[in-house]
Amino acid sequence: MAFWKKMLMKINNRWYPKSILVGSPVSTEQLCKRIAAESTVSAADVRAVFTALAPIMADYMAQGRSVKLDGIGSFYFTAIAAKGGAPTEKEVSANLITGVRVRFIPETRFSKSAAGSGSGKRAVRGLSDVTIEWEEWKGEEKKPAKPKPKL
């Protein structure tokens, strides 16, 4: 069950449904236990793979490659450039790169459309091709904890 709430957008003063997160994030441990329960590997084996995954993905992406995980999608790095850029092409250098972002593109696959609905194929994004039952959230959302002042 996924939840939504009514949200007034200040930019156009119109109301929209907005999806919300409830509860705490699913932990790595929860994922490990569930994957172990649905496969032939132990939760410890799953955790070992997850532990190795991030630095290995980062290493490949640092080499300028994308990393594609079947059924999930592709991850890659993009550079964040200094605001304002450079006035001329000659002045562009790696010194203008101020940071890195990790980008994600969900996997796209094609499935046959229902009879009479057009071309016969439709694009389906991985991770989002699930049946979701939406319910309006009537509870309270958790407010983020206020950061403690530094002493």
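Scroll up to find the structure.
Everything quoted here is computed from the prediction, not taken from an experiment.

Colleague: Looking at this model, I keep getting lost on the pairing of strand β2 (residues 14-20). Mind explaining?
Modeller: Within a regular beta strand, the side chains point alternately toward one face of the sheet and then the other, so they alternate between its two faces. For strand β1 (residues 2-9) and β2, the ladder comprises seven bridges, and the chain directions are antiparallel. Looking at β2, one finds that F3 is bridged to I20. As consecutive antiparallel partners, β1 and β2 are separated by four residues, and within that stretch N13 has a phi angle of approximately 55 degrees, a positive value.

Colleague: I keep staring at the pattern of salt bridges and nothing clicks. Help me out?
Modeller: Proximity of charged atoms lets side chains of opposite charge pair with each other. This model, assessed by the stated rule, comprises six salt bridges. Measuring nitrogen to oxygen at the nearest pair gives 2.9 Å for the salt bridge that ties E107 to K68. Of this pair, E107 sits in the loop between β5 (97-106) and β6 (108-112) while K68 sits in strand β3 (residues 67-69), and the two are 39 residues apart along the sequence. E136 is paired through a salt bridge with K138; the nearest N and O atoms lie 3.3 Å apart.

Colleague: Looking at this model, I keep getting lost on the environment of M57. Mind explaining?
Modeller: Within the secondary structure layout, M57 lies in helix α2 (residues 43-62). A C-alpha to C-alpha distance of 8.9 Å links M57 and Y76, two positions 19 residues apart in sequence. Among residues more than four places away in sequence, those in contact with M57 are V67, L69 and F75.

Colleague: Is there a simple way to think about the layout of surface pockets in this case?
Modeller: Sizing a probe to match a water molecule and rolling it over the atoms shows the empty space that remains. One number sums up the size of the largest pocket: a volume of about 210 Å³. Around the largest pocket, the lining residues are M1, A2, F3, S19, I20, L21, V22 and W134. When contributions to the lining of the largest pocket are tallied by element, the ones reaching two or more residues are β1 and β2. A breakdown of the residues in the lining of the largest pocket according to their chemical character gives seven nonpolar, one polar and no charged.

Colleague: Sorry, what's going on with the sheet that holds strand β4 (residues 73-81) here?
Modeller: The three strands are arranged β3-β4-β5 in an open sheet whose pairing can be described as antiparallel. Edge strands, defined here as strands with exactly one partner in the open sheet, are β3 and β5. Within the sheet, the average angular offset between the axes of one strand and its neighbour, ignoring direction, is 25 degrees. Two elements, β3 and β4, share three bridges in a ladder whose sense is antiparallel. Residue pairing across strands places L69 opposite G73, the latter belonging to β4. Packing against the sheet, α2 makes contact with β3 and β4, and its axis sits at approximately 55 degrees to β4.

Colleague: Can you walk me through the environment of K83 in this structure?
Modeller: Among the structural elements, K83 can be located in the loop between β4 and β5. For the pair K83 and I97, spaced 14 residues apart in the sequence, the C-alpha separation amounts to 9.7 Å.

Colleague: Where do I start with the packing of aromatic side chains in this structure?
Modeller: When we look at a pair of aromatic rings, we describe it by the centre distance and by the angle of the planes. Tallying each qualifying case throughout the model produces two aromatic pairs. Plain terms: the ring middles of F3 and W137 are 5.0 Å apart, the flat faces sit at 75 degrees to each other, and that makes the pair edge-to-face. Of the two residues, F3 sits in strand β1 while W137 sits in the segment after β8 (134-136), which places them 134 residues apart along the sequence. Of the residues examined, F3 reaches a relative accessible area of 17% and is grouped as buried. The interplanar angle of 40 degrees and the centroid separation of 4.9 Å between the aromatic rings of F75 and F104 together place this pair among those described as tilted. With F75 in strand β4 and F104 in strand β5, this residue pair connects regions lying 29 residues apart in the sequence. For F104, a relative accessible area of 35% gives the class partly exposed.

Calculation rules
Residues numbered from 1 in each chain as written. Predicted model: local features only at pLDDT ≥ 70, side-chain atom pairs only at ≥ 80, totals over all residues. Heavy atoms only, no water. Pairing = 2+ DSSP bridges. Helix = DSSP H or I, 4+ residues; strand = E, 2+ residues; numbered from the N terminus. Salt bridge = Lys/Arg side-chain N within 4 Å of Asp/Glu carboxyl O. Contact = heavy atoms within 4.5 Å. 1 Å grid on protein atoms, 1.4 Å probe; cavity = no way out; pocket = protein on both sides within 12 Å on 5 of 7 lines; lining within 4 Å. Points joined across faces, edges and corners; volume = space filled by probe spheres on them. Nonpolar A, V, L, I, M, F, W, Y, C, P; charged D, E, K, R; others polar. Axes fitted to C-alpha atoms, helices over the stretch in contact; angles between N-to-C directions. Phe/Tyr/Trp six-rings, centres within 6.5 Å; stacked < 30°, edge-to-face > 60°. Buried < 20%, exposed > 50% of the residue type's maximum accessible area, 1.4 Å probe, protein only.

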